[in-house]
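Observations on the three-dimensional arrangement
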Amino acid sequence: MKAFILTRYKGELQEADVAEPTVGGHDVLVRMQGAGLNQLDEKIRAGEFKAILPYKLPLVLGHDVAGTVIRVGEHVRGFKVGDEVYGRPSTTRIGTFAERIAVPEVDLALKPVSIGMEEAASLPLVALTAWQALVERGNVQPGQKVLIHAGAGGVGSIAIQLAKHLGAAVATTASAANAGFVRELGADTVIDYRNEDFESLLSGYDLVLDSLGGDNLAKSLRVLAPGGKAIGISGPPDPAFAKEAGLNPLLRLGVAGLSAGIRHRARKLGVGYEFLFMRASGEQLRRITDLVDSGALRPVVGRVYPFGQTARGLKSLSQGGIRGKAVISNP
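Here the structure is a predicted model, which means the values were calculated and not measured.

**Structural notes on unusual backbone geometry**
Residue Pro 58 is reached from Leu 57 by a cis peptide bond, and omega for that bond is 0°. Here Pro 58 lies in the loop between α1 (39-45) and β4 (59-60). A cis amide bond links Gly 235 with the next residue in sequence, Pro 236, at an omega value of 0°. If you trace the backbone, Pro 236 turns up in the loop between β13 (224-232) and α8 (239-244). Positive phi values are uncommon outside glycine, yet Lys 10 reaches one of about 75°. With respect to the helices and strands, Lys 10 occurs in the loop between β1 (2-6) and β2 (14-17).

Here it is, written out as structure tokens:
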């Protein structure tokens, strides 16, 4: 079958013929009809996560899939041939930039009936990230104040809608050109990041979801109310992540050092910092399916590339300017 593989870090994806997936007893074989393009794929391609995600090359990238079930393992009970599904395969099972992929049953959910394959493919990674940040880690309650950075992006466009659904007052950073767009998604306060300083305009926030890292994360700590929390999805990773990922003691020590500064600053301010590397969850995707089909969440697809242009599509992420997600289409 055809797939796009990474043969060396920092190299471009190459189209190649690869072996058919092995379907285990608890696996579901999915014909890929849509695949999301994520910054995570680009970071892995660029070698940024080599230390904490030690993949062996060549590697088929791709973390989101939507498609049709064409075979199920002998122990699968939740899906049957012909079902339309979507999911984010677990970290050791990625590879959605391929015509077919075997996905653990626990990582999949039935696709929302109200949307198409391309829209469904845009959702798993970003929607699970938003859910795990706002619901699982943040425990956002009605009336709380939430700041979501990069509101017009893949994670931001879903997180704004979810925070609003949870009853929060939502602020976001975006370009002036995207101000109207993020307000339509539910943002109450929009900061033009090119011309305004969010740190001088915002205060007393309960939660910040930061996708940018660096100085942006440090400034985010200072807009939190005492006891508030910043959740970073671009790093730096923290000791809790290193432990959960099962890294060896030397790597754990290195990871602790990477985040020591930001964690120290957070403690001095009386706030918290956590790194979130989202995990696959079919159960959470079923909750997200309900929100999509009820109209509470809508996917945002800013650009679609045919399967044959997967490499070009991934490269486009570094150029920015895409509202929501870019996706691969393979009807």
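Now that the structure has been shown, we can carry on.
**Re the sheet that holds strand β12 (residues 205-210)**
Here six strands make up an open sheet; going across it, the order is β11-β10-β9-β12-β13-β14 and the pairing parallel. Here the strands that pair on one side only, and so sit at the sheet edges, are β11 (189-192) and β14 (272-275). Taken over all neighbouring pairs, the strand axes of this sheet differ in orientation by 15° on average, direction set aside. Of the pairings in the sheet, the one linking strand β9 (residues 145-148) to β12 comprises three bridges and is parallel in character. Within β12, the position partnered with Leu 147 by the bridge is Val 208.

**What to know about the packing of helix α7 (residues 214-221) against helix α9 (residues 249-269)**
For any two helices packed against each other, one specifies the crossing angle of their axes together with the interaxial distance. Packing of α7 against α9 brings their axes to within 10 Å, and their N-to-C directions diverge by 15°. In terms of orientation, α7 and α9 fall into the roughly parallel class. Considering the relative orientation of α7 and α9, their crossing is right-handed. Note on element contacts: α9 touches α7 through Ile 262, Arg 265, Ala 266 and Leu 269, opposite Leu 217, Ala 218 and Leu 221. Here the contact of α7 with α9 is composed, by residue class, of six nonpolar, no polar and one charged.

**Structural notes on the packing of helix α3 (residues 124-137) against helix α10 (residues 282-294)**
Here α3 crosses α10 at 100°, and the two axes come no closer than 10 Å. Overall, the two elements α3 and α10 adopt an arrangement that is roughly perpendicular. In this structure, α3 uses Pro 124, Ala 127, Leu 128, Trp 131, Gln 132 and Glu 136 to contact α10, whose residues at the interface are Gln 284, Leu 285, Arg 287, Ile 288 and Leu 291. Of the residues that constitute the contact of α3 with α10, the class distribution is seven nonpolar, two polar and two charged.

**A look at the sheet that holds β1**
Within a sheet, adjacent strands bond to each other through the backbone by hydrogen bonds, running parallel or antiparallel. Strands sit in the order β2-β1-β4 across an open sheet of three strands; the sheet is antiparallel. This sheet does not close on itself; its edge strands, each paired only once, are β2 and β4. Taken together, the four bridges between β1 and β2 define a ladder with antiparallel strand orientation. Within β2, the residue paired with Lys 2 across the bridge is Asp 17.

**As for the side chain of Asp 192**
Inspection of the secondary structure puts Asp 192 in strand β11. There is no salt bridge for the buried Asp 192, and the closest opposite charge comes from Arg 194, which lies 5.6 Å off by N-O distance. Setting aside chain neighbours within four positions, we find Asp 192 in contact with Ala 174, Ser 175 and Ala 176.

**Digging into the pairing of β11**
Alignment of strand β10 (residues 169-174) against β11, held across four bridges, turns out to be parallel. The partner of Thr 173 across the bridge, within β11, is Ile 191. Note on the crossover from β10 through helix α5 (residues 179-185) to β11: the handedness is right-handed.

**Topic: the nonpolar core**
In terms of nonpolar packing, the biggest core is built from 108 residues, with Leu 61 and Ile 288 touching the most fellow members. When residues of this core are assigned to their parent elements, the largest contribution, eight residues, is made by α3. Beyond its immediate stretch of four places on either side in the chain, Ile 288 contacts Tyr 86, Ala 127, Leu 128, Trp 131 and Leu 297.

Reading guide: rules and limits
- Residues numbered from 1 in each chain as written.
- Predicted model: local features only at pLDDT ≥ 70, side-chain atom pairs only at ≥ 80, totals over all residues.
- Heavy atoms only, no water.
- Helix = DSSP H or I, 4+ residues; strand = E, 2+ residues; numbered from the N terminus.
- Pairing = 2+ DSSP bridges.
- Axes fitted to C-alpha atoms, helices over the stretch in contact; angles between N-to-C directions.
- Parallel < 35°, antiparallel > 145°, perpendicular 65-115°, else oblique.
- Left-handed = near helix turned anticlockwise from the far one by under 90°.
- Contact = heavy atoms within 4.5 Å.
- Nonpolar A, V, L, I, M, F, W, Y, C, P; charged D, E, K, R; others polar.
- Buried < 20%, exposed > 50% of the residue type's maximum accessible area, 1.4 Å probe, protein only.
- Lys, Arg positive; Asp, Glu negative; His and termini not counted.
- Salt bridge = Lys/Arg side-chain N within 4 Å of Asp/Glu carboxyl O.
- Right-handed = clockwise from strand over helix to strand, strands pointing away.
- Core = buried A, V, L, I, M, F, W, Y, C linked by side-chain atoms within 4.5 Å.

Shape is all these values report; function is a separate question.
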